[in-house]
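Breakdown of the fold
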Amino acid sequence: DTTVCLPTTATSEVKHKIRKLGAKVVVEGSQWSESNAHAESLVAESGGKAVLIHPFDMPELWEGHATLVQELKEELPEKPSMIIACVGGGGLLMGILKGLKDCEWQDSVRVLACETCGADAL
């Protein structure tokens, strides 16, 4: 079973889509850090039966995000001059930076990271 902890600021659409994928949605806290703390407490209370998959601070996720850059390398006729990405916790950004390094583009492709006004985290 999958449980996803979200803050009260999560939209109805997001909650609906997660439920539609078969996960249980738990709304706890008014911001991400409070939801994450609740998720950590659920894992601790499970007695080792649950595991936390962090939404951005996990190198295994960065590996997956890095494949985006590899796909760009394979599909674009030439490398881009810049990659623009939305960021929150930084997981996607870390993956993009890793992908650039893996493709040996780190010195020639600029990255512009954009945050949502009022929800800046980096």
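Residues numbered from 1 in each chain as written. Predicted model: local features only at pLDDT ≥ 70, side-chain atom pairs only at ≥ 80, totals over all residues. Heavy atoms only, no water.

1. Structural notes on the confidence of the model for the protein
The pLDDT averaged across the protein works out to 93; a share of 96% of its residues lies at or above 70. Here strand β3 (residues 82–86) is the element of the protein with the lowest mean pLDDT, 94, and strand β2 (residues 24–27) is the one with the highest, 97. (pLDDT = per-residue confidence, 0-100. Helix = DSSP H or I, 4+ residues; strand = E, 2+ residues; numbered from the N terminus.)

2. Observations regarding the environment of A23
Relative to the elements of secondary structure, A23 occurs in the loop between α1 (12–20) and β2. A residue is classified by how much of its surface remains accessible, and A23, at 13% relative accessible area, is buried. Once you skip the residues sitting within four places of it in the chain, A23 turns out to touch T2, V4 and I18. (Buried < 20%, exposed > 50% of the residue type's maximum accessible area, 1.4 Å probe, protein only. Contact = heavy atoms within 4.5 Å.)

3. So, helix α3 (residues 59–75)
Taking 1.5 Å of rise per residue, 17 residues should cover 24 Å, and α3 covers 25 Å from first to last C-alpha, within 8% of that figure. Along α3, the residues that are buried comprise W62, A66 and V69. Considered in projection along α3, the buried side chains sweep an arc of 45 degrees and stay on one side of the axis. Facing away from the buried side of α3, by more than 90 degrees, are the exposed residues E60, E74 and E75. Among the structural elements, β3 and α4 (91–102) are those in contact with the buried residues of α3. (Expected span 1.5 Å × (residues − 1). Arc of directions from axis to C-beta.)

4. Quick look at the side chain of K15
Looking at where K15 falls in the secondary structure, it is placed in helix α1. Beyond its immediate stretch of four places on either side in the chain, K15 contacts L6, A10, V25 and V27.

5. Section: the environment of K20
Counting through the fold element by element, K20 comes out in helix α1. According to the relative accessible area criterion, K20 is exposed, its value standing at 67%. In this structure the C-alpha to C-alpha distance between K20 and I53, which are 33 residues apart in sequence, comes to 19 Å.

6. Focus on the pattern of salt bridges
For the structure on display, the rule yields three salt bridges. In this structure, the salt-bridge partner of E13 is K17, at a minimum N-O distance of 3.1 Å. Taken together, the residues span about one helical turn, with E13 and K17 both in helix α1 at a distance of four residues. When salt bridges with common partners are traced through the structure, they connect E63, K98 and D102 into a single cluster. (Salt bridge = Lys/Arg side-chain N within 4 Å of Asp/Glu carboxyl O.)

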